[in-house]
Amino acid sequence: MSLKAGIVGLPNVGKSTLFNAITKKNILAANYPFATIDPNVGIVTVPDERLTFLENLYMPKSVVPTSFEFTDIAGLVKGASKGEGLGNKFLSHIRECDAICEVVRCFDDENITHVIGGTDPIRDIEVINVELILADLEIIDNRLEKIVKKAETTKDKEAILEVEALKKAKENLEKNIPLRLVDFTDEEKAVLRSFNFITIKPLIYVANVKEDDIVVGDNDYTLKVKEYALKEHSGVIVMCAQMESELAELSDDDKKIFLKEMGISSSGLDKLIFATYNLLGLATFFTSGPDECRAWTFKQGTNAKSCAGLIHSDIERGFIKAEVMSFDDLREYGSELKVKEAGKLRLEGKDYLMQDGDIVYFRFNV
């Protein structure tokens with residue numbers, strides 16, 4: 001399952017530094033706008049202690065964690081919806097993402113240029129939000145010009161539904177309400193899905209602070225961001241992108257020692273990965289054995305047969321049953337045999353909704 005989260009924000013807020021930490025790649029992170037011209041895509045693995053447990057239990061030949069993509073997109077400037085800066089190129093890259101991580105500068109530093117002025121995270125957020133809203137409005141206006149006449153003359157039900165959904169979206173956008181906050185019906189959502197609107201995508205704010213603030217706690221800027229995010233039901237991760245970039249250079253053991261000395265339970269990067277994973281409504285099931293222990297990403301609410309298709313289309317096509325045990329049961333009883341003896345191993349049909357932490361063996365025949 002290929003899913004992508006886009007890292008966006010104004011120039012010089014720490015996007016590329018954060019991306020360095022995510023991918024451990026040495027991309028250009030310069031102190032001037034548009035240091036990142038083309039989107040940089042990196043695959044990030046999702047830390048999961050359950051997979052480590054399975055590895056120690058089965059001692060497999062290979063271990064494959066689950067992953068998804070983070071894309072670093074060039075800095076947005078005011079007027080991007082009208083072509084300013086990298087304009088439409090920037091916006092088209094956002095449309096290709098499933099979720100948005102908006103990096104917001106929450107620190108003062110006279111040595112790092114701010115493209116607008118002094119540090120003001122709410123102003124920065126609103127600059128970006130307005131540009132994204134204007135970009136979606138342009139698509140709606142262009143489409144309505146073509147579809148309204150058809151709906152009026154033919155009375156086609158699908159055309160009428162499309163016009164009504166687009167008008168509802170337009171009314172909210174003109175009130176500066178992003179589409180992710182609008183209560184659309186299932187039919188309206190189906191109509192709007194093909195337009196790939198930016199403001200309908202789930203969003204999380206990344207409040208980028210200095211290292212001292214990670215230890216001390218929230219500063220005035222992060223508190224404002226959290227208050228703003230609460231009103232629109234968005235999440236906030238507070239992190240120091242520079243520190244995360246430095247942590248990425250350490251071994252896992254050294255990283256744990258450093259975090260412990262700092263009094264931090266987990267890195268900001270791990271928190272962002274988990275938060276983005278949850279933001280996309282994702283969960284994990286496992287396949288385990290002496291050959292391979294592997295984590296598989298699926299959308300919450302997906303049935304067993306469809307999850308089988310994530311492994312191979314033949315398994316989905318020839319699906320018979322799924323042998324399922326929960327990770328918690330395996331950890332409690334210590335082995336597959338003891339799980340089975342306790343009556344905790346289940347046979348599930350094709351309509352069974354896969355749960356996070358399920359360990360599965362698919363029976364199939366083709």
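Scoring rules and cut-offs
- Residues numbered from 1 in each chain as written.
- Predicted model: local features only at pLDDT ≥ 70, side-chain atom pairs only at ≥ 80, totals over all residues.
- Heavy atoms only, no water.
- Core = buried A, V, L, I, M, F, W, Y, C linked by side-chain atoms within 4.5 Å.
- Buried < 20%, exposed > 50% of the residue type's maximum accessible area, 1.4 Å probe, protein only.
- Helix = DSSP H or I, 4+ residues; strand = E, 2+ residues; numbered from the N terminus.
- Contact = heavy atoms within 4.5 Å.
- 1 Å grid on protein atoms, 1.4 Å probe; cavity = no way out; pocket = protein on both sides within 12 Å on 5 of 7 lines; lining within 4 Å.
- Points joined across faces, edges and corners; volume = space filled by probe spheres on them.
- Nonpolar A, V, L, I, M, F, W, Y, C, P; charged D, E, K, R; others polar.
- Pairing = 2+ DSSP bridges.
- Axes fitted to C-alpha atoms, helices over the stretch in contact; angles between N-to-C directions.
- Salt bridge = Lys/Arg side-chain N within 4 Å of Asp/Glu carboxyl O.
- Phe/Tyr/Trp six-rings, centres within 6.5 Å; stacked < 30°, edge-to-face > 60°.
- Lys NZ or Arg CZ within 6 Å of the ring centre and 35° of its normal.
- Arc of directions from axis to C-beta.
- Polar contact = N/O pair within 3.5 Å; in protein donor to acceptor, adjacent residues only side chain to side chain.

K.L.:
Which residues make up the nonpolar core, and what are the values?
P.N.:
In terms of nonpolar packing, the biggest core is built from 51 residues, with Leu18, Phe68, Phe70, Ile94 and Leu272 touching the most fellow members. Per-element tally for this core: the top contributor is helix H4 (residues 121-154), with 6 residues. Ignoring anything within four residues of it in the chain, the contact list for phenylalanine 70 reads Ala5, Ile7, Phe19, Ile22, Asn40, Val41, Gly42, Val44, Cys101, Leu272, Ile273 and Thr276. In terms of nonpolar packing, the next biggest core, distinct from the first, is built from 19 residues, Leu137, Leu144, Ala169 and Leu179 among them.

K.L.:
Account for empty space enclosed by the protein, naming residues and giving values.
P.N.:
Using the criterion set out here, one finds 1 cavity of 30 Å³ or more in the structure. In this model, the largest cavity occupies a volume close to 30 Å³. Lining the largest cavity, in full, are Asn129, Leu132, Pro178, Arg180 and Thr199. Classifying every residue of the lining of the largest cavity by side-chain character gives 2 nonpolar, 2 polar and 1 charged.

K.L.:
Can you tell me about the sheet that holds strand S5 (residues 99-105), naming the residues and giving the values?
P.N.:
Backbone hydrogen bonds are what pair the strands of a sheet, in a parallel or an antiparallel way. If you trace the 6 strands from one edge of the open sheet to the other, you get S2-S4-S1-S5-S6-S7, paired in mixed fashion. Single-partner strands in this sheet number two, and they are strand S2 (40-45) and strand S7 (235-239). Taking each pair of neighbouring strands and ignoring which way they run, the sheet shows an average axis angle of 25 degrees. Relative to the sheet, helix H8 (residues 220-231) contacts S5, strand S6 (203-208) and S7, its axis offset from that of S7 by approximately 165 degrees.

K.L.:
Go over the pattern of salt bridges, please, and point to the residues and values.
P.N.:
For the structure on display, the rule yields 15 salt bridges. A salt bridge links arginine 346 to glutamate 348, with the nearest nitrogen and oxygen atoms 2.8 Å apart. In this structure glutamate 348 comes out as buried when scored by relative accessible area, which is 17%. A cluster of three or more residues bridged by salt bridges with shared partners is formed by Asp48, Arg50 and Asp356.

K.L.:
Quick one: what's the story with the packing of aromatic side chains, residue by residue and with numbers?
P.N.:
Two aromatic rings, taken as a pair, are described by how far apart their centres are and by the angle between their planes. Evaluated as defined, the whole model comprises 7 aromatic pairs. Where phenylalanine 53 meets phenylalanine 327, the ring centres are 5.3 Å apart and the plane angle is 85 degrees; that geometry is what we call edge-to-face. With phenylalanine 53 in helix H2 (residues 49-58) and phenylalanine 327 in helix H14 (residues 327-333), the pair connects residues that are 274 residues apart, well separated along the chain. Overall, phenylalanine 327 belongs to the buried group, its relative accessible area being 3%. Measuring from centroid to centroid gives 5.4 Å for phenylalanine 195 and phenylalanine 197, while their planes differ by 15 degrees, and the two rings are stacked. Classification of phenylalanine 195 as buried rests on a relative accessible area of 16%. An aromatic cluster is present here, built from Phe285, Trp296, Phe298, Phe319 and Phe362 joined pairwise through their rings. Above the face of the tryptophan 296 ring, arginine 294 is positioned so that its terminal group lies 4.1 Å from the ring centre.

K.L.:
So what's going on with helix H12 (residues 304-311)? Residues and values would help.
P.N.:
Inspection of H12 places Ala304, Cys307 and Ala308 among the buried residues, and these make up the whole buried set. For H12, the buried positions fall inside an angular range of 105 degrees around the axis, keeping them on one side. Close packing links the buried residues of H12 with strand S8 (282-287), strand S9 (292-299), helix H13 (313-317), strand S10 (319-326) and strand S12 (358-364). For H12, the N-terminal cap is asparagine 303; the gap from its side-chain oxygen to the backbone nitrogen of lysine 305 is 3.3 Å.

K.L.:
Lay out the environment of lysine 61 with the relevant residues and their values.
P.N.:
Relative to the helices and strands, lysine 61 resides in the loop between H2 and strand S3 (62-64). Among all residues touching lysine 61, those that are not within four sequence positions of it are Pro290 and Asp291.

K.L.:
Can you lay out the side chain of aspartate 358 for me, pointing to particular residues and giving the numbers?
P.N.:
With respect to the helices and strands, the residue aspartate 358 is situated in strand S12. A polar contact is formed between the side chain of aspartate 358 and the backbone nitrogen of glutamine 355, at a distance of 2.9 Å. Sequence-distant contacts of aspartate 358, defined by excluding residues within four places in its chain, comprise Thr284, Phe285, Phe286, Val324, Met325, Ser326, Arg346 and Tyr352.

K.L.:
Lay out unusual backbone geometry with the relevant residues and their values.
P.N.:
One non-glycine residue with positive phi stands out, namely asparagine 12, at about 65 degrees. With respect to the helices, strands and loops of the structure, asparagine 12 is situated in the loop between strand S1 (4-8) and helix H1 (15-23). A positive phi is found at methionine 59, a non-glycine position, where the angle reads about 50 degrees. Position of methionine 59 among the secondary structure elements: in the loop between H2 and S3. For methionine 59, a relative accessible area of 63% translates into the label exposed.

K.L.:
Can you lay out the layout of surface pockets for me, pointing to particular residues and giving the numbers?
P.N.:
A volume near 1,200 Å³ is recorded for the largest pocket. Lining the largest pocket we find 39 residues, and of these Val46, Pro47, Asp48, Lys255 and Asp270 sit closest to its centre. Secondary-structure elements contributing two or more residues to the lining of the largest pocket are H1, S2, H2, helix H9 (241-247), helix H10 (252-262), helix H11 (268-279) and S8. Residue contributions to the lining of the largest pocket peak at 6 residues, all from H11. Of the residues contributing to the lining of the largest pocket, the split by class is 20 nonpolar, 7 polar and 12 charged.

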